[in-house]
Amino acid sequence: QVQLVESGGGLVQAGGSLRLSCVASGRAFSSYAVGWFRQASGKEREFVGVINWSGSRTDYADSVKGRFTISRDNDKNTVYLQMNNLKPDETAVYYCAAVIDYSGSYVQDRYYDYWGQGTQVTVSS
């Protein structure tokens, strides 16, 4: 069992930056791939990016490539999402999620077993 708690959301102006954190509790966190997703009001949840168990591989949605970076510190049971040059249409609740890493692609939310409660990111124009 893994429990995930996101933090770091808030209000930022367009072009600004935020760093979200996802802290995990439970066993063997370093065995899990961790994905970030977001859901804007009235829209479906969408994939943002994912990091594999060791941090050696990441994958991102095309819309955030070059602006967002995912990293992890397994000693601290924490995964980070650094978001730069934020845009107003990226206002959403951001979620982290975890799945045992069997070297899959994990870009679809249906693969994930554990989810955090989400943190609100609001980007003003």
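Here the structure is a predicted model, which means the values were calculated and not measured.

Peer 1: Explain the state of the cysteines residue by residue, including any values.
Peer 2: Scanning the entire structure with this criterion turns up one disulfide. Here C22 is linked by a disulfide to C96, with a sulfur-sulfur distance of 2.1 Å. Sign of the S-S torsion, about 70° for the bond between C22 and C96, identifies this disulfide as right-handed. In this pair, C22 is assigned in strand β3 (residues 18-26) and C96 in strand β9 (residues 92-100), connecting sequence segments 74 residues apart.

Peer 1: Tell me what's going on with the packing of aromatic side chains, and back it up with residues and numbers.
Peer 2: Each aromatic ring pair is described using two quantities: the centre-to-centre distance and the angle formed by the ring planes. Counted by the stated rule, this structure contains eight aromatic pairs. Taking 5.7 Å as the distance between ring centres and 70° as the angle between the ring planes, the aromatic pair formed by F37 and F47 counts as edge-to-face. Taken as a pair, F37 in strand β4 (residues 32-39) and F47 in strand β5 (residues 46-51) lie far apart in primary sequence, 10 residues in all. Note on F37: relative accessible area 2%, which makes it buried. Taking relative accessible area as the criterion, F47 reaches 16% and is therefore assigned buried. Ring plane angle 80° and centroid distance 6.2 Å describe the contact between Y106 and Y111, whose orientation is recorded as edge-to-face. One aromatic cluster is present, formed by F37, F47, Y95, Y106, Y111, Y112 and W115 through successive ring pairs. Positioned over the ring face of W115 is R45, at 3.9 Å from the centre of the ring. Directly above the aromatic system of F29 lies the positively charged group of R72, at a separation of 4.8 Å from the ring centroid.

Peer 1: Can you lay out the pattern of salt bridges for me, pointing to particular residues and giving the numbers?
Peer 2: Tallied over the entire structure, the rule returns five salt bridges. Residues joined by salt bridges that share partners form a network here, namely R38, E46, R67 and E90.

Peer 1: Let's hear about unusual backbone geometry: which residues, and what values?
Peer 2: Positioned with a positive phi, N77 is a non-glycine residue whose angle comes to about 55°. Tracing the backbone shows N77 in the loop between β7 (68-73) and β8 (78-83). Even without being a glycine, S103 presents a positive backbone phi close to 70°. Its location among the elements puts S103 in the loop between β9 and β10 (114-115).

Rules of the game
- Residues numbered from 1 in each chain as written.
- Predicted model: local features only at pLDDT ≥ 70, side-chain atom pairs only at ≥ 80, totals over all residues.
- Heavy atoms only, no water.
- Disulfide = S-S within 2.5 Å.
- Helix = DSSP H or I, 4+ residues; strand = E, 2+ residues; numbered from the N terminus.
- Phe/Tyr/Trp six-rings, centres within 6.5 Å; stacked < 30°, edge-to-face > 60°.
- Buried < 20%, exposed > 50% of the residue type's maximum accessible area, 1.4 Å probe, protein only.
- Lys NZ or Arg CZ within 6 Å of the ring centre and 35° of its normal.
- Salt bridge = Lys/Arg side-chain N within 4 Å of Asp/Glu carboxyl O.

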